[in-house]
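Each chain is listed here by its residues.
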Amino acid sequence: MLRVLSLAVGKSFKMVEEYQVHAFPYPRTYKFDYVTFRKPGSIMTDLYTVYNTVVFDPINDDITEATNDLPKEEKARIVAYVDMRKKTRLGFSDSDTPYIFWVLKWEESLEHKPRLERGHANPVYYRYEDLVSGDRIVIAASKRDKIDSICI
């Protein structure tokens, strides 16, 4: 079973789409095959894979040095993403906070624009097959597992 991690990104949704980069304070770990991001309204529109990561402090570290091992195109996306976040109210937390940057690869569109049963800011896991089923309201994997165990 493929697992999809769904993260609420709120106002940074457009930046994630444009640069195909997502960053959050490090360390935090997730296990998944695909990731999707929820815009306001808890709506999901695309599936991505994470094909590269880098950890650095976007306030204090030299971005060029921190991303030195990445291909030129990925480095440019991260630099543009960091610059845009710094120009907005989203920014980054206080200095001395490392962030993990995910370099994303778009995999497929969720044309039916599924959303959560109830909106909230927590990460949610879904079964891939549930998320791409065409249903507008998608049940989280943890709840689906409970339902499936009762029905067996």
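Rules used throughout
Residues numbered from 1 in each chain as written. Predicted model: local features only at pLDDT ≥ 70, side-chain atom pairs only at ≥ 80, totals over all residues. Heavy atoms only, no water. Salt bridge = Lys/Arg side-chain N within 4 Å of Asp/Glu carboxyl O. Buried < 20%, exposed > 50% of the residue type's maximum accessible area, 1.4 Å probe, protein only. Helix = DSSP H or I, 4+ residues; strand = E, 2+ residues; numbered from the N terminus. Expected span 1.5 Å × (residues − 1). Arc of directions from axis to C-beta. Contact = heavy atoms within 4.5 Å. 1 Å grid on protein atoms, 1.4 Å probe; cavity = no way out; pocket = protein on both sides within 12 Å on 5 of 7 lines; lining within 4 Å. Points joined across faces, edges and corners; volume = space filled by probe spheres on them. Nonpolar A, V, L, I, M, F, W, Y, C, P; charged D, E, K, R; others polar.

Participant: Could you give an account of the pattern of salt bridges, with specific residues and numbers?
Facilitator: A full pass over the atoms with the stated rule returns three salt bridges. One salt bridge connects Lys105 with Glu107, and the closest N-O pair in it is separated by 3.6 Å. Exposure remark for Lys105: the relative accessible area of 42% places this residue in the partly exposed category. For Glu107, a relative accessible area of 29% corresponds to the partly exposed category.

Participant: Requested: an account of helix α3 (residues 72-87), with residues and values cited.
Facilitator: Its 16 residues give α3 an end-to-end C-alpha distance of 23 Å, which sits within 8% of 22 Å, the value for a rise of 1.5 Å per residue. Of all the positions in α3, only Glu74, Lys75, Arg77, Ile78, Tyr81, Val82 and Arg85 are classed as buried. Angularly, the buried residues of α3 cover 160° about the axis, an arc narrow enough to put them on a single face. Turned more than 90 degrees off the buried face of α3, the exposed positions are Lys72 and Lys87. Looking at the packing, one finds that the buried side of α3 touches α1 (13-19), β2 (21-25), β5 (46-56), α2 (63-66) and β6 (99-109).

Participant: Break down the layout of surface pockets for me, citing the residues and quoting the values.
Facilitator: Of the volumes computed, that of the largest pocket is approximately 290 Å³. Taken together, 18 residues line the largest pocket, and the ones lying closest to its centre are Ala8, Val9, His22, Ala23 and Phe24. Of all the secondary structure elements, the ones that give two or more residues to the lining of the largest pocket are β1 (3-8), β2 and α3. Broken down by element, the residue count for the lining of the largest pocket peaks at four residues, all from β2. The space that makes up the second largest pocket amounts to roughly 240 Å³. Lining the second largest pocket are 13 residues, and of these Glu117, His120, Val124, Ala140 and Lys143 lie nearest its centre. When residues of the lining of the second largest pocket are traced back to their parent elements, those giving at least two are β8 (124-127) and α5 (141-151). Residue classes in the lining of the second largest pocket are distributed as seven nonpolar, two polar and four charged.

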